[in-house]
Structure formats: structure tokens, C-alpha cells
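One-letter residues, chain by chain:
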Amino acid sequence: MSETHEASVIRERMWMKALRTAGVPLLSVVLAMAIGSIIIAASGKDPVAAFGALLTGAFGTPEKWAIGNFKAIGDTISRATPLIFAGLAVAFGFRANLFNIGANGQLLLGSIAAAGLGLALAGLPSLIAVPLILIGAALAGASWAFIPAILKAKVGAHEVITTMMFSWIGLYLTSWIIAGPLADKTVSSQTPMLPEQVWLPTLDKFLPALLRVPVRAHLGFVIAVALAFLVWWILKRTTLGYSVRAVGYNPLAAQNGGISIGITTVYALCISGALAGLAGASEVLGVQHRMFDEVSAGSGFGFTGIAVALLAKNHPIAVIFAAILFGALSAGSSMMQLVANVPDKIVTIIQALIIFFVGAETIINWLIKRRQKLALEQKGATDVE
Amino acid sequence: MWSDFFTPDLFASAIRMATPLALAAIGGTICERSGVVNIALEGIMLVGAFFGVVVTLATGNVWVGVLAAILAGILLSAIHAFASVTLRMDQVVSGTALNILALGLTGFVMEVIYGHPGATNGIAHKIGPVFNFPAPGGGVLATIWLWIDQVFLSYTPIVYIAIIVAIVAQWAMYKTRWGLRLRALGEHPRAADTVGVRVQASRYVAVLISGALGGLAGANLTLEQVGVFSDNMTSGRGFIALAANIFGRWTPMGSYLASLLFGFAEAIEIRMQSFQDVIKIPVQFFLMLPYVLVVIVLAGFMGRAVGPAAVGKPYEKE
């Protein structure tokens, strides 16, 4: 009798823990979508039609799947790819208690490095050129995080301000490189097209039987997913990962344990920058095949990376799923604009709301806990009887 | 060439450029002194700039627009106050969410109202200068008068309001009971609580004041300087303002003076663009200048600057 009671209590507790881990992100997404719908309705548009169009835009329809047309899903995957890199970048920083709010600048440096190296290494075979470009882009991203990292470690300058400033500096630096040294001879505000052997091939090249219609999703997605597992392994199993987590969790205790806060800070922010740089490279090699001037583009993948990392609670594997969610929102938003006439900026609003609700988990946790408490009390009452 | 470069208007331009930074920086100072970090200032300025234009276009009265800008700033900061004081949420995360919300909201409402992305329509009349003295005849006296007129008397109202705000806030922070309590909140909220200061309510007030000042900064940008709102037009000014607050050692006057430095960098950047034929440096390098200056200032100064002890930490009553 008592054993089964204990088992049920344990089961109940495990269920609660799972709910609390996954519940906050899920509830946040639902709440954000609900408020998004209210905003759409308030602007005089139909939220049901809007989200319907968004779903079709992001995933396609069964009729299309039946004939091997996975173009919409391919778009979602393609939009999710840089977000996985950017989300990993921000999450890695967060693990060391560093807020890399300027990931966008490191991303731009990665893009420009890829655009430049792609032209420079055109003669080499793909299997040598592409890895070299990716390494170069990662280094470029890391270099852009290096000065903020040093300033944080040496004089305590807050990385939120310094990485943000470097983001703007990077924006104008890449804008100059695109207008000057790397300018396309014919069209302004872009670099020349990269030769095809340095492109990351699209996935339909690998799975022609399944994907009978060309998709935008490219090899970068596979690299991103593999990298997510690598980052997870680094955090979980290596000394570096242990230092990062220790400094993030309790810097004083970490220091007493012999870990240098300064060196760990520099490593963590530079690795974060390198991951952001890869986001830019993957976009240049896989989708654009050149780099465009971003000065007028407003917010970029770096900002969405913050939302991805927070929604994933900085867990590298969860970053993949959070990135796919934001990739779907982004891929579906153009269909939503087209069909339901709702400005695609609503996605930015939903993104902000998700960050807010995930961050405000105290309120959601409190709601969940109160529910559970009520449930337990009722259960306790019946047990006594 | 140098006499063409260092004209009275260069200095006037520095003070004009410093104004939105200073208003936001002083808001940041008051907020951080109470123990709350406000990186949402960027977004607060953005909604202020946007709704200032929207309401001016709708009502035809630019002063109603200024009020709307302040109100929009207060509303966004109210969310930040609720999140960081009541919900005890991570203040940097809340600020980031609000910055992104401001980007999305201004872009969304713009398309709904005006039917196109990018920029709003321009307002008919920007707010003009407060004084308008006629220029006297020639001679040395006229040159001297030109300098005095340009550097001291040529400004729009919010520029003067910013100077007044700096002086009043400095006085209030160091000479009034409110100021003493505010500083105590940021240093040792538990002690302030023990002697009867209402920690949470006082923090709410401080965050809302920073929202009002940030909204006013936005109004200065669109209603006095540019006359039109375009996407993400604050371009990092909220973060520069936070740096100015640090450089100004968390004091209102210091924030104003530090903003003046960054405003001067911006004025030089704008001036250099018109000298591009002579200097022959690509325009992008001028555009970087204010951001580079912020990094240099933080690098050189940070070691000696210590902020309020309890800043960024939510307070829980026992």
C-alpha cells in the first residue's frame, strides 16, 4: 500500500520536474502567440488566417509533401540554420554568465571573412576550401569578441555595452569592405558572387529521392546540429566546459577552486564570437553566396540568437529546437504578409514576448506550482479518507 | 581649413547631439542609483521617437507629440519596472526583450498606419529654436555675437530642458531626502527598508522617471532634430547613454558632461563627412567614431568606476 503511494508521489514529482523544465518555454510560446493574435486582431486583421498562412508558409501542405515538395520545410530549416549557430553563441556566453548582446557584430565579421576567403580560395578543391573558410570565419568572429572579452577580464567593462559598440563598429567596417576592397564591379552594396565549389550544397543534392523539388536548406544545418552536440559535450565533459559552468554559476567559488575568472571569461566570449562568426559564414556559403551590406537591415540573426538561447534555457541541444521554432516563424512570416496582409514585424514582437515570458519564469513557475499544490492538497485529502 | 572646421556651429551641434544621450543617461543614472539596470533605454527612446511623430501627425500639434513620446517611454519602462521589481526578473533580459519589442512594435504600427515599412511621413513643422535674435551689422562684435548666439542661444526647447534636468537631478540627488533615499536603495536596500523606505515603490518611481526622460530623448530626436522616424533610428544611443552614465560616475551632471563628449564625437563625425573631399577617408570610418570613443573611454576609465553596490539585484522583502 505505502510503496505504491511512494511510487505515485515520485512519479508525480518527476512529472512536475519535467513540466517545470519544458513547461516554462512551452507556456511562454503559447502566451506570446496569444498576445501576438490580440495585436493582429487589434490592427483589424484576422489572426486565424494570419497564423494559418504562417503555418503553410513554414511547413507547406500534405498535398505538396505527397509529390516530394518540401520547399516550405526547407525554408524553415534554412532560416533555422544561422539561428542554431547564433543561439549556441549566446547560450555559451550565458553559461559563463556573459551576455553577448553584440553577437550580430561577430556574425557580420564571420560573413565578411567567408565572402573574402571564398573568393581568395576559389582554386582549391571544396573539401579543403570550405573547412578553411569556416575556420577563418570562426576566427574573425572570435577576434571581434576578443577586445570586449579582454576589457571585461581586465577592467570589468560590461560586455553588454562593449559588444554592442563593437556590433555597430563591425556594421560600418563590413559596410566599408563591401563598398570598397570587396565591392562587386557591377552592382553596389554587395560582394561578387562566390564560385560554386565553396557553396554549402543544398540538401536535395544529397537526398534526391526524397526531396524532388530543390530546397534552400543546406549542409550548414547538418554542421550546426553536429556543432550543437559538440558544444554540449564541451560543456559537459571537458575541463574548459567545467570552468565555464563554474564561473557562470559561482565565480567566487570557481576562483577558490583554482579557476581563473579572467581567462575563462576571455575563452568563453571568444568561443561565443566564433560560433556567431559561423552563423554568418553559413549564411554566406549556404544561402546568399555573397555578402550584402547590412547597414539598412536593422536587427539581425544575432538578436534572434538571444531569443533562441533564452528559450532553450542555454541548453545546446534545446537550441536546435528553439532555432527551428524561430526559423518557422521567420519562414512563415512572408506568407502571412502576403496572404493575411499582416506586417512580418509581428514576428519580432512575438520574439520579444517569448524572451520576456521565459525570463519571467517566476510568474509562470508560480502559476504551475500553485496548480500542483492545489492538486496535491486534493490528493492528500482523498488519501486521508 | 581649420577655421571652416571649428565653426560655432560645430560646438552647437555637439550640444544638440548630446541632448538625447544626456536625457537618457540621466534617466539611466536615476534608475541605476535605485538599484535597477535599465538597458531598455534604447527601446524607450525608440518608442518615444516613434509615437512622438505618430501623434504629431495625427493631431497636428507637436507639443501633444512630445507628451505622447514621454507617455510611451513611461509605459515601456512600466513593463520594465513590473518585470524587474515585482517579478524579480533578470533586469538585462527584461531590457533586451523590451528593446526588441520596441523594434517590432514601431515597425508593425508603422506599416499598419502608413502602409509601408522603413520610415513614417515627415512632420510639417519641427520644433523651432526658443530664441530668434536678429544678427547685428559687421565687425568684430558681430563675430563675437555670432559665437554667443550659436553656442548659447540657438537651441530648441528640449536642449535647454536637458540642461535644466541635469542641474535639478544633481541637486535632488544630493540635497533632498528623496535623493538620499534613492542612493541608499542602490547601495543597501535592506538598510533603507529597515528605516522605513518603501524599496519597491521607490524603485518603480525611479524606473518610470527614466522612462519619461528616455521618451523625451526620443522626442528630441524626431520632433526637434530629424522631423521623421525611420526604423531603428536610435542606432545604439541608449547603450552609449549607459556608457555616459558610467563615465559620469553615476551622477546626473557627470552623465551630462560625458554625453557632451560623445555628442562632440558625433558632431565631428558629421562635420568630417562634409570635408570628405579634403580628408579622403571613407565615410564608414567617421560613422564608427562615437562607438570607438565609447569603448576607449570604458577601457581607460572602468577600473576606477564603481557603480551602486546593489544594482541589478532584485530585492525581496523578508
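The coordinates are above.
Residues numbered from 1 in each chain as written. Chains lettered and ligands numbered in written order. Predicted model: local features only at pLDDT ≥ 70, side-chain atom pairs only at ≥ 80, totals over all residues.

(A) Structural detail: the overall build of chain A. Across its full length, chain A carries 15 helices and zero strands. At 23 Å, chain A has a C-alpha radius of gyration in line with the 21 Å of a compact globule built from 385 residues. Burial statistics for chain A: of 385 residues in total, 52% are counted as buried. Of all intrachain contacts in chain A linking residues separated by at least 6 positions in sequence, the fraction that spans at least 24 positions is 78%. (Helix = DSSP H or I, 4+ residues; strand = E, 2+ residues; numbered from the N terminus. Rg over C-alpha atoms; globule rule 2.2 N^0.38 Å. Buried ≥ 20, exposed ≤ 12 C-beta atoms within 10 Å, placed from the backbone. Contact = placed C-beta atoms within 7 Å.)

(B) Here's a closer look at the packing of helix 5 (residues 103-120) of chain A against helix 12 (residues 301-311) of chain A. All names here are of chain A. Closest axis-to-axis distance for the helix 5/helix 12 pair is 7 Å, and the angle between their directions is 130°. The orientation of helix 5 with respect to helix 12, classified from their angle, is oblique. Of the two possible hands of crossing, helix 5 and helix 12 adopt the one that is right-handed. Across the interface between the two elements, Ala103, Asn104 and Leu107 of helix 5 pack against Phe301, Gly302, Phe303 and Gly305 of helix 12. Classifying every residue of the contact of helix 5 with helix 12 by side-chain character gives four nonpolar, three polar and no charged. (Axes fitted to C-alpha atoms, helices over the stretch in contact; angles between N-to-C directions. Parallel < 35°, antiparallel > 145°, perpendicular 65-115°, else oblique. Left-handed = near helix turned anticlockwise from the far one by under 90°. Nonpolar A, V, L, I, M, F, W, Y, C, P; charged D, E, K, R; others polar.)

(C) Region of interest: the interface of chain A and chain B. Residue-level contacts link 37 residues of chain A with 39 residues of chain B. Looking at the side of chain A that touches chain B, the elements that each hand over two or more residues are helix 6 (126-155), helix 7 (159-179), helix 12, helix 14 (346-359) and helix 15 (361-384) of chain A. Here the element with the most residues in the side of chain A that touches chain B is helix 7 of chain A; it accounts for 11 residues. Its residues assigned to classes, the side of chain A that touches chain B comprises 25 nonpolar, 11 polar and one charged.

(D) Quick peek at the nonpolar core. Residue and element names in this part refer to chain A. Formed by 228 residues in total, the largest nonpolar core has its most connected members in Ala86, Leu88, Ile133, Val308, Val319 and Ile355. A total of 14 residues in this core trace back to one element, the largest contributor, which is helix 4 (residues 71-95). Setting aside chain neighbours within four positions, we find Ile133 in contact with Ala114, Leu117, Gly118, Leu121, Val198, Ala281 and Leu285. (Core = buried A, V, L, I, M, F, W, Y, C linked by C-beta atoms within 7 Å.)

(E) Quick look at the environment of A:Leu329. All names here are of chain A. Along the chain, the position of Leu329 falls in helix 13 (residues 316-340). Given 29 C-beta atoms within 10 Å, Leu329 falls into the buried group. Those residues within four positions of Leu329 in sequence are excluded, and the remaining contacts are Val347 and Ile350.

(F) Geometry of the environment of A:Leu121. Residues and elements named next belong to chain A. Assignment of secondary structure puts Leu121 in the loop between helix 5 and helix 6. According to the C-beta neighbour criterion, Leu121 is buried, with 20 such atoms within 10 Å. Between the C-alpha atoms of Leu121 and Pro195, which are 74 residues apart in sequence, the distance is 9.4 Å. If near-sequence neighbours (up to four positions away) are discounted, Leu121 is found in contact with Ala129, Leu132, Ile133 and Val198.

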